[in-house]
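# Structure assessment
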Amino acid sequence: MADTAQIEEIVKQVLASMGGAQVSTGSSASDGTIPKTAHVAMLTSLEHFDVKEFPGGRG
């Protein structure tokens, strides 16, 4: 099983490949705002990620 540091590095790579997304260890919604969209990367098979976008927030 992959160790946590490897998983974290893979997630950072996926986020970085999504068009300059900023990688942060803290919450991006720490100021109380709700993002307009959320991107989720899911490991669906060995070395294969599906990236989905979900609408967010309450307008």
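Residues numbered from 1 in each chain as written. Predicted model: local features only at pLDDT ≥ 70, side-chain atom pairs only at ≥ 80, totals over all residues. Heavy atoms only, no water.

## What about the overall build of the protein?
The criterion, for reference: Numbered from the N terminus, helices here are DSSP runs of H or I no shorter than four residues, and strands are runs of E no shorter than two. To sort residues, take the accessible area from a 1.4 Å probe on protein chains only and compare it with the maximum for the residue type: under 20% means buried, over 50% means exposed, and anything in between is partly exposed. The contact criterion used throughout is that any non-hydrogen atoms of two residues lie within 4.5 Å.
In terms of helices and strands, the protein carries one helix and two strands. Helices and strands appear in the protein in the N-to-C order α-β-β. A total of 59 residues make up the protein; the buried ones form 2% of that total. Intrachain contacts of the protein at a sequence separation of at least 6 include 13% that bridge at least 24 residues.

## Here's the deal with the confidence of the model for the protein
Using the following cut-off: The pLDDT score gives, residue by residue, the confidence of the prediction method on a 0 to 100 scale.
Mean pLDDT over the protein works out to 75, with 68% of the residues at or above the 70 mark. Element-level mean pLDDT values for the protein span from 83 in helix α1 (residues 4-16) up to 88 in strand β2 (residues 48-55).

## Some remarks on the pairing of β2
This is how the line gets drawn: Following DSSP output, two strands are said to pair if at least two bridges run between them.
Pairing of strand β1 (residues 37-45) with β2 involves eight bridges; the strand directions are antiparallel. If you follow M42 over to β2, its bridge partner there is D50.

## Focus: the environment of A41
With respect to the helices, strands and loops of the structure, A41 is situated in strand β1. Considering only alpha carbons, one finds A41 and E53, twelve residues apart in sequence, at a separation of 9.0 Å. Residues within four places of A41 in sequence aside, it is in contact with V14, F49, D50 and V51.

## Points about the environment of K52
Assignment of secondary structure puts K52 in strand β2. Distance in space between the C-alpha atoms of K52 and V40 is 5.3 Å, their sequence separation being twelve residues. If near-sequence neighbours (up to four positions away) are discounted, K52 is found in contact with A38, H39, V40 and M42.

## Section: unusual backbone geometry
Of note, E47 is a non-glycine position whose phi angle comes to about 60°, a positive value. In this fold, E47 is placed in the loop between β1 and β2.

## Looking at the pattern of salt bridges
We apply this condition: Salt bridges are counted wherever a side-chain nitrogen of Lys or Arg sits within 4 Å of a carboxyl oxygen of Asp or Glu.
Considering all chains together, one arrives at one salt bridge under this definition. Between K12 and E8 there is a salt bridge, and its shortest N-O distance comes to 3.4 Å. Pair noted here: K12 and E8 are both in helix α1, with a separation of four residues, about one helical turn. Under the relative-accessibility criterion, E8 is labelled partly exposed at 41%.

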